[in-house]
There are 2 protein chains.
Amino acid sequence: MGVRVATLADVARRAGVSTATASRIINGSSKPVTDELRARVLAAVAELRYVPNAHAQMLARSNRNAVGVLVHDVSDPYFAEITRGLQRVATAHGRLVIICNTFREPARELEYIDLLHAHQVAAIVVAGSGYLSSDDETELHDRMAAFETTGGRIAVIGRHSHTSDAVLPANEEGGFLAGEHLFELGHTAVGVIAGPAALTTTADRLAGLHRAAAAHSRTLTVVHADFTRDGGEAAAAALLAEHPELTAVAALNDSMAVGALAAMRTCGRNLSVVGFDDMPIARDVTPALTSVRLPLTRLGERAMELALTPPPDSTPRAEHIPAELIRRESTWPLPGPR
Amino acid sequence: MGVRVATLADVARRAGVSTATASRIINGSSKPVTDELRARVLAAVAELRYVPNAHAQMLARSNRNAVGVLVHDVSDPYFAEITRGLQRVATAHGRLVIICNTFREPARELEYIDLLHAHQVAAIVVAGSGYLSSDDETELHDRMAAFETTGGRIAVIGRHSHTSDAVLPANEEGGFLAGEHLFELGHTAVGVIAGPAALTTTADRLAGLHRAAAAHSRTLTVVHADFTRDGGEAAAAALLAEHPELTAVAALNDSMAVGALAAMRTCGRNLSVVGFDDMPIARDVTPALTSVRLPLTRLGERAMELALTPPPDSTPRAEHIPAELIRRESTWPLPGPR
DNA sequence: CGGTAACAGGAAAGCGCTTACCTCAAGGTT
DNA sequence: AACCTTGAGGTAAGCGCTTTCCTGTTACCG
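Residues numbered from 1 in each chain as written. Chains lettered and ligands numbered in written order. Predicted model: local features only at pLDDT ≥ 70, side-chain atom pairs only at ≥ 80, totals over all residues. Heavy atoms only, no water.

Let's shift gears to the environment of B:Arg283. Mapped onto the secondary structure, B:Arg283 falls in the loop between strand E9 (272-277) and strand E10 (290-293). According to the relative accessible area criterion, B:Arg283 is partly exposed, its value standing at 36%. Between the alpha carbons of B:Arg283 and B:Val11 there is a distance of 57 Å; along the sequence they are 272 residues apart. Contacts of B:Arg283, omitting those with residues within four sequence positions, involve A:Arg229, A:Asp230, B:Ala288 and B:Arg328. (Helix = DSSP H or I, 4+ residues; strand = E, 2+ residues; numbered from the N terminus. Buried < 20%, exposed > 50% of the residue type's maximum accessible area, 1.4 Å probe, protein only. Contact = heavy atoms within 4.5 Å.)

For the rest of this paragraph, the subject is the packing of aromatic side chains. Residue and element names in this part refer to chain A. Inspection of every chain in the model, using the stated rule, returns two aromatic pairs over all chains. Measuring from ring centre to ring centre gives 4.9 Å for Tyr 78 and Phe 79, while their planes differ by 85 degrees; the resulting arrangement is edge-to-face. Comparing Tyr 78 with Phe 79, the two get one shared label, buried. In this arrangement the basic side chain of Arg 211 is found over the ring face of Phe 176, its NZ or CZ atom lying 4.0 Å from the centre. (Phe/Tyr/Trp six-rings, centres within 6.5 Å; stacked < 30°, edge-to-face > 60°. Lys NZ or Arg CZ within 6 Å of the ring centre and 35° of its normal.)

With 46 residues of chain B in contact, the opposing surface of chain A contributes 46 residues. Between chain B and chain A lies a buried interface of about 4500 Å² when both sides are counted; carbon and sulfur atoms form 59% of it. Counting the surface chain B buries against chain A, the share from its top three residues, B:His55, B:Leu96 and B:Asp284, is 15%. The tally of links between chain B and chain A comes to eight salt bridges. Across the contact surface, chain B and chain A share 16 residue pairs in polar contact (both at pLDDT 80 or more). Within the residue set of the side of chain B that touches chain A, elements represented by two or more residues are helix H4 (54-61), helix H5 (77-92), strand E2 (96-101), helix H6 (106-118), helix H7 (134-149) and helix H10 (229-242) of chain B. Classifying every residue of the side of chain B that touches chain A by side-chain character gives 22 nonpolar, 14 polar and 10 charged. (Buried area = accessible area lost by both parts, 1.4 Å probe. Salt bridge = Lys/Arg side-chain N within 4 Å of Asp/Glu carboxyl O. Polar contact = N/O pair within 3.5 Å; in protein donor to acceptor, adjacent residues only side chain to side chain. Nonpolar A, V, L, I, M, F, W, Y, C, P; charged D, E, K, R; others polar.)

In the vicinity of DNA strand C lie 26 residues, with A:Thr21, A:Lys31, A:Thr34, B:Leu8 and B:Tyr50 positioned nearest. Protein-proximal atoms of DNA strand C, defined as those within 4 Å of the protein, fall in sugar or phosphate at a share of 63%. At 3.0 Å from a phosphate oxygen of DNA strand C is found a main-chain nitrogen or oxygen belonging to A:Ser18. At a separation of 3.1 Å, a phosphate oxygen of DNA strand C approaches a polar side-chain atom of B:Asn27. Grouping the amino acids of the surface near DNA strand C by side-chain chemistry returns 13 nonpolar, eight polar and five charged. (Near = heavy atom within 4 Å.)

Our next topic: the sheet that holds strand E2 (residues 96-101) of chain A. Residue and element names in this part refer to chain A. As summarised here, the arrangement of the six strands in space is E2-E1-E3-E4-E5-E11, forming an open sheet in which the pairing is parallel. Of all the strands in the sheet, just E2 and strand E11 (318-321) have a single pairing partner and so form its edges. Averaged over all adjacent pairs, the angle separating strand axes in this sheet is 15 degrees, with direction ignored. Where strand E1 (residues 66-71) meets E2, six bridges bridge the pair, whose relative direction is parallel. Its bridge partner being in E2, Ala 66 is matched across the sheet by Leu 96. Strand contacts of helix H6 (residues 106-118): E1, E2 and strand E3 (123-126), with the helix running at about 180 degrees to E1, the strand carrying the most contacts. (Pairing = 2+ DSSP bridges. Axes fitted to C-alpha atoms, helices over the stretch in contact; angles between N-to-C directions.)

By themselves, these figures tell us nothing about what the structure is for.
Listed below in structure tokens is the structure:
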């Protein structure tokens, strides 16, 4: 374990130059240097397999090169899409991306903000909806404010903020679109498989659905699940069992919609289903899922762009990303399926 | 931009103590300190919103706390699963995970190895199959060796290595399983939708398939795609058009299998399909996909465990993860579908 | 031919933190 | 009473790198 790592000083010694010269050559500084020395230094670097210590560089230069990303769970396809967008533009800007999984635990979120802060990242992108509990939110805002005080930039996806730039998917409008679609098809008894009640995404999408229902003088039968496929299946099974009158259900994300499809197959019922997010899987299930599309990759890209671009003035920017209904085969007019 | 960040010295000054004391209190060192001072320092920390500079800490302590992960693409469900496993155990060990997307470009892989090396990560996990071009591989081994020389640990997933610990999914056996399954069902004309020819995963799975074919004195019609759903669909369409005699196809991953299903639907044909990896989507498509399961999350977990555990001796460990055939509805005996 | 501008390279001062070592007092020992 | 612990805190030496300022050469000028 007591391995000596080659340092700049080693390289310099070996090449018979000062560390200053070695550093300049290695970093391709503008200072002119003879080819002779350059060659010697480069040779020493190769021989010693020298790799500069990034921490020491950060410290000496005190510039920030990485960006941090907070997501609920990268392996969740929803966040995977967003992350893809984030990565794309971060890499294009030559930034290293540090991804932190919060697993929907506010405490972990706070912890990671500090950790990224400590690592002097240039910016933090917070993806995933906020929490309705204002305790957690204010604590979070506090931490984010502290980070911004040090010159760090923050962009949030899907939660409002009056201090940081935000990219806001049209969750409410999307919910409305989904509801409107079902009611226009003539459905009157509509069930909803919602996400965790504490998340703003759930609240927003639900609000849109309720607005559509109100416009048609209907009410909704809402049941809460956890945004996972299996959770959706269980919730759908319960919903179908207790409410035989339902003819359509809206799931607040595609994973749960897929679960609902499975539940329907199991109990031999056939309701219209509308999903949310239009994830890749939507077109590959049977029936192909009608879904409210949110351009997730774009969401990620825009957020990272905002995070990496200093704001024109000090007022935070907010960018709305519209939702769009993608009609497929899982929804049909009321009188008789198919 | 010229923001002054609070430093330890600021905290110390404000609390009227030396930086040594402040440091000890903040890090909960074992040195005893009066409650009086402790309170003053903690108060100063809170007031100044002090967050220690992680780079300076790394430098001073010269201990490594992060681990790096190289994957082709986190948003690919295959790697998302693996990454989930990696994250789980890394987090359990209190390690920060830095994820790097190589997008299947060997050059980027090299670059990232150096970058992680520079960041003094404790370990690097390389996920994703290797390349058959030995140029890239030797260069890569070089870089990895350099990293290991400095005391860093490396674990690779899915590629052989005689220098580092490796976790090896049973790709060849899996291919054999898939082939055996189809031939036992009586299929004689079997097509294969393979991945990029340059990847060892492709080569290994294909080898297993060929072994099964040979055992039954059959040959395979192989076409190469890119492991994506759309690539699989296109490849399948071409394959079906050119080879009307085929009655079954093996896709070297589930994404392409799903694409193949779509292609079949489009051109109204109905062959048996076997996929690979048993990703979550497999059970939700119609017909539910028969697939060779590789416990991806486990793969990730074991790799991270190896990476975080110093090897008992200096000989690299290799761990095999068995494959298992999951029979569903997409494969049936030859005489007549369904 | 003295003077100076341009060049090549080195010395050393940090960057923010940790920690080995030292100091000073107060209490305990014979 | 002289001596030694022990406790509580400070001093300062780095960790590996960048960069400002300096120094010693050489080349060019009038």
